[in-house]
Amino acid sequence: MTEQPNLDYIKEISGGNEDFEKKFLTIIQTEFPKEKSDYIENLERSDLEESAKIVHKIKHKLGILGLTGGYKLAVKYEEDLKHGDTKLKEEFYQILQSVEEFILKIA
Amino acid sequence: MRCIIVDDEVSARAIVLELCKTIPDLEVVAEFPNALEALKFLKHTQVDLIFLDIHMPKFTGVDFIETAKDPPKIVLTTSDKNFAIEAYGYDFVIDYLVKPITAERFQTCKARLERAFQTSKLEHVENSIAQTEDEDLYINIDRRLIKLKFGEIQLIEAQGDYIEIQTQQKRYRVHSTLKKIKEKLPESRFLQIHRSFIINFTQIIDIQDNSVLIERNVIPISRSNRPELMQRLNLL
């Protein structure tokens, strides 16, 4: 079964503070779509160095949303991009899609 | 303790801010999305600690570390494990937190911060004591002003309208009060431990029950002054 995003980490950090959880999810809902579109835009322009920088930011969010496997893949993909290698881009894109769907679902 | 958070990701700042709430005496005074704004802020505002992201566009956390003059203590926050060893080359870097920062890992950071600030506090007290070693006080004895170095004074005892100042060499009787002399003495070195006694606590030999031994003098400690004395000691 494919790894699914979850809110375990956010709940751990919040210690039950629901106001923080709501506020934090709003931040993710604003920040993630922008990072995703910036990533795609830079990849299309073949600016792999800039793409790597955005993957670096996105991987943090994958960790926040409990995507351990996705986080590991992002770590590798970030390094690959720095060396001009884009072979993990499809796999990474699938992860981005699952995060986006999750964010829309919890909105 | 006052701190700032520097990170270009709003979500990362929000997490650090929430985790900081678990440290009771830590106040987050500002947040910055980039290190340049933080540098400007630090020109006019003093803080004790910075949570600093390494990977930021244009001006990175590393650039910040290399640019900042006499920076406060820093906890690095990053998704990149590769910089960890290099980071510990800077003595003001207390910890290195890999994102996403877990609550458990933050507790370890909290303990490291407590140790680091405790050490700084002790160093500050030791420096203050060392600075007063050669400072002095003049007392009037039979119309003669006699210079006493703070480092030489062992204790001062109230005797009616007089006080008696015990130095390593001699005991002086001066027409004054404990309250008056207390105002002239450096707090880093002297402490009132009884309504009739002020001691130079750097000269304590030992403390037993409710008394302090300074050279051959046994000085009583009053119940109300005991907590402050115990707090000032570097207890193991």
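This one's a predicted model, so the numbers in the text were calculated from it and none came from an experiment. (Residues numbered from 1 in each chain as written. Chains lettered and ligands numbered in written order. Predicted model: local features only at pLDDT ≥ 70, side-chain atom pairs only at ≥ 80, totals over all residues.)

1. Some words on the overall build of chain A
Piece 1. For chain A, the helix and strand inventory stands at five helices and zero strands.
Piece 2. Start at the N end of chain A and walk to the C end: the helices and strands fall as α-α-α-α-α.
Piece 3. The burial tally for chain A puts 31% of its 107 residues in the buried class.
Piece 4. Taking the intrachain contacts of chain A between residues at least 6 apart in sequence as the baseline, contacts between residues at least 24 apart amount to 51%. (Helix = DSSP H or I, 4+ residues; strand = E, 2+ residues; numbered from the N terminus. Buried ≥ 20, exposed ≤ 12 C-beta atoms within 10 Å, placed from the backbone. Contact = placed C-beta atoms within 7 Å.)

2. A few points about the confidence of the model for chain B
Piece 1. Taken as a whole, chain B shows an average pLDDT of 88; of its residues, 95% reach a score of 70 or greater.
Piece 2. Interface scoring of the predicted complex returns ipTM 0.92; its pTM is 0.69. (pLDDT = per-residue confidence, 0-100.)

3. Side note on the pairing of strand β14 (residues 211-214) of chain B
Regular strands place side chains that alternate from one sheet face to the opposite one.
Residue and element names in this part refer to chain B.
Piece 1. Both strand β13 (residues 204-208) and β14 contribute to a ladder of four bridges, which runs antiparallel. Bridge pairing links isoleucine 204 to isoleucine 214 in β14.
Piece 2. Linking two consecutive strands that pair antiparallel, namely β13 and β14, is a turn of two residues; a positive phi of about 50° is found at aspartate 209 within it.
Piece 3. As judged from the four bridges shared by β14 and strand β15 (residues 217-220), these two strands associate in the antiparallel manner. (Pairing = 2+ DSSP bridges.)

4. Focus: the pairing of strand β6 (residues 136-141) of chain B
Residue and element names in this part refer to chain B.
Piece 1. The pairing of β6 with strand β7 (residues 144-149) spans six bridges and is classified as antiparallel. For aspartate 136, the partnering residue across the bridge sits in β7 and is lysine 149.
Piece 2. Hairpin connection from β6 to β7: two residues lie between these consecutive antiparallel strands, with aspartate 142 at a positive phi of about 50°.

5. A few points about the sheet that holds β14 of chain B
All names here are of chain B.
Piece 1. With antiparallel pairing, the three strands of this open sheet are ordered in space as β13-β14-β15. In this open sheet, the two strands that pair with only one neighbour each are β13 and β15. Adjacent strand axes in the sheet meet at a mean angle of 25° when their direction is disregarded. (Axes fitted to C-alpha atoms, helices over the stretch in contact; angles between N-to-C directions.)

6. Some remarks on the nonpolar core
Piece 1. By size, the foremost hydrophobic cluster in this structure holds 53 residues, and its most contacted members are Ala74 of chain A together with Val6, Ile50 and Phe51 of chain B.
Piece 2. Apart from the residues lying within four places of it in its own chain, the contact partners of valine 6 of chain B are Phe32, Ala35, Ala38, Ile50, Phe51, Leu52 and Asp53 of chain B.
Piece 3. Core analysis: the next-biggest nonpolar cluster, separate from the first, contains 15 residues, Phe150, Leu155, Ile198 and Ile199 of chain B among them. (Core = buried A, V, L, I, M, F, W, Y, C linked by C-beta atoms within 7 Å.)

7. As for the environment of phenylalanine 106 of chain B
All names here are of chain B.
Piece 1. Within the secondary structure, phenylalanine 106 sits in helix α5 (residues 103-132).
Piece 2. A tally of 21 C-beta atoms within 10 Å means that phenylalanine 106 is categorised as buried.
Piece 3. Phenylalanine 106 sits 83 residues away from isoleucine 23 along the chain, and the two C-alpha atoms are 9.9 Å apart.
Piece 4. In this structure phenylalanine 106 touches Leu19, Thr22 and Ile101, once residues within four positions along its chain are discounted.

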